[in-house]
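So the chains spell out like this:
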Amino acid sequence: MPEMPEIQAHAERLTDAFGGTELTGFRPISFTVLKTFAPQPEEAVGHPFGPVGRRGKYLLLHGGPVTFVVHLMQGGRLRDDPKQTAKPRGGLARWTFADGRALLLTEPGHERRAGVWMVAGDPEGQDPLTGLGPEADQVTRDELAAIVGGQGRRLHGLLRNQGALAGIGRRLANEICHRARLSPFATANKLDGDEIDRLHAAIGACIAETLAEERTRDDLGSVKERTSAVHNRVGEPCPVCGDTIRTVSYRAYTVSYCPTCQTNGKVLADNTTSKFLK
Ligand SMILES: [Zn+2]
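Residues numbered from 1 in each chain as written. Predicted model: local features only at pLDDT ≥ 70, side-chain atom pairs only at ≥ 80, totals over all residues. Heavy atoms only, no water.

K.L.:
Where do I start with the packing of aromatic side chains in this structure?
P.N.:
Each pair of aromatic rings is reported with the distance of its centres and the angle of its planes. According to the stated counting rule, one finds eight aromatic pairs in the structure shown. Measuring from centroid to centroid gives 5.1 Å for Phe49 and Phe97, while their planes differ by 80 degrees, and the two rings are edge-to-face. Linking Phe49 in strand 2 (residues 49–55) with Phe97 in strand 6 (residues 91–97), this pair joins segments that are 48 residues apart in sequence. Its relative accessible area of 1% is what places Phe49 among the buried residues. The class of Phe97 is buried, set by a relative accessible area of 3%. Between Tyr58 and Trp117, the aromatic rings sit 6.0 Å apart at their centres with planes inclined by 80 degrees, giving edge-to-face as the arrangement. (Phe/Tyr/Trp six-rings, centres within 6.5 Å; stacked < 30°, edge-to-face > 60°. Helix = DSSP H or I, 4+ residues; strand = E, 2+ residues; numbered from the N terminus. Buried < 20%, exposed > 50% of the residue type's maximum accessible area, 1.4 Å probe, protein only.)

Dropping the structure here:
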């Protein structure tokens, strides 16, 4: 799933391409894509589109008095739609513009999990943004200490919890733990002051580096195209120390880590491949 830096760069590209263009229509193509009954999408018609903002992993498509809040989920994409066919493949919704262009929300396969919420006024504090924690790259060191100190869960899970910190997903959680030289399985509220310093610096650095890389792209691309130290690199050497990257797999995601850098050399049992733990 795209994370904060990918969504941010995507929002900037959408603003560059469509910002200021008069919106002439919004049409849901899949009847499940629009998650709200009010306000009506038509309230945005006739207003200049944009700028496109972001909160956590959500895109905020501003249109006059209302905002389309879009979550792309795993494979959703917002792209230029030159053909504007009646039933585009994977098409969920379409925005049309006064200059004849259109923007299409697509999602491959049959998942249909991406969604659009209509919000009037400031979207902050309204569904679906209620309960989101602060932007991960905006928290101060002391704010982070308070968030971490209130959580008895493991660090990797805390980082991915959007209610604690907004914007971090599976890849960044792996990369941040590695950069901070912390075990992804460390108990969050047992981190000491030095470890919180390292965690805070790692969050800022990993997000900034990914954003800089994303700003060089034309499209969202895939996670395999991103430069990672440990994520998706099982069996390869750690770029810091040369040890072999290990993983622990869960049903929905994989935790990747370097034993030398992060777990005092300890290799943790992979609970899906270890025959002893099945
Ligand atoms: Zn290492």
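K.L.:
Honestly, the pattern of salt bridges in this entry has me stumped. Any pointers?
P.N.:
A side chain with one charge may pair with a side chain of the opposite charge, provided their charged atoms come close. Scanning the model with the defined rule gives 17 salt bridges in all. As a salt-bridge pair, Glu214 and Arg217 come within 3.1 Å of each other at their nearest N and O atoms. Given the relative accessible area of 0%, Glu214 is considered buried. One network of salt bridges, with partners in common, ties together Glu6, Glu213, Glu214, Arg217, Glu225 and Arg226. (Salt bridge = Lys/Arg side-chain N within 4 Å of Asp/Glu carboxyl O.)

K.L.:
Would you explain the coordination of the zinc ion in this entry?
P.N.:
Each pair of donors in an ideal four-coordinate tetrahedral metal site encloses 109.5 degrees, whereas pairs in an ideal six-coordinate octahedral site enclose 90 or 180 degrees. Coordination sphere of the zinc ion, protein contribution only: Cys238 (SG), Cys241 (SG), Cys258 (SG) and Cys261 (SG), at 2.2 to 2.4 Å. Taken together, the four donor atoms coordinating the zinc ion and their angles of 96 to 114 degrees define a geometry best described as tetrahedral. Look at where the donors of the zinc ion fall in the sequence and you get C-x2-C-x16-C-x2-C. With a gap of 20 residues between them, Cys241 in the loop between helix 5 (193–214) and strand 9 (246–249) and Cys261 in helix 6 (residues 259–262) connect regions that are remote in the sequence. Given the relative accessible area of 14%, Cys261 is considered buried. (Donors = N, O, S within 2.8 Å, 3.2 Å for Na, K, Ca; no water. Tetrahedral: all angles 85-135°; square planar, octahedral: opposite > 155°, others 65-115°.)

K.L.:
Is there a simple way to explain helix 1 (residues 4–18) in this structure?
P.N.:
Spacing of three or four residues puts side chains on the same side of an α-helix, whose turn is 3.6 residues. Between the first and last C-alpha of helix 1 there are 21 Å, a value that for 15 residues agrees with the 21 Å anticipated at 1.5 Å per step. Backbone geometry just after helix 1 places Gly20 at a positive phi near 85 degrees. (Expected span 1.5 Å × (residues − 1).)

K.L.:
How should the side chain of Glu6 be read in this particular structure?
P.N.:
Looking at the secondary structure, you find Glu6 in helix 1. Residue Glu6 is classed as buried on the basis of its relative accessible area of 1%.

K.L.:
Is there a simple way to explain the sheet that holds strand 3 (residues 58–63) in this structure?
P.N.:
Either a parallel or an antiparallel arrangement is found when strands of a sheet pair, and the pairing is made through backbone hydrogen bonds. With antiparallel pairing, four strands are arranged side by side in an open sheet as 2-3-4-8. With one partner strand each, in any of the chains shown, strand 2 and strand 8 (115–120) form the two edges of the open sheet. Direction aside, the axes of adjacent strands within the sheet are offset by 25 degrees on average. Here five bridges tie strand 2 to strand 3, and the two strands are oriented antiparallel to one another. Within strand 3, the residue paired with Phe49 across the bridge is Gly63. Taken strand by strand, helix 1 contacts strand 2 and strand 3, and its axis lies near 175 degrees from that of strand 2. (Pairing = 2+ DSSP bridges. Axes fitted to C-alpha atoms, helices over the stretch in contact; angles between N-to-C directions. Contact = heavy atoms within 4.5 Å.)

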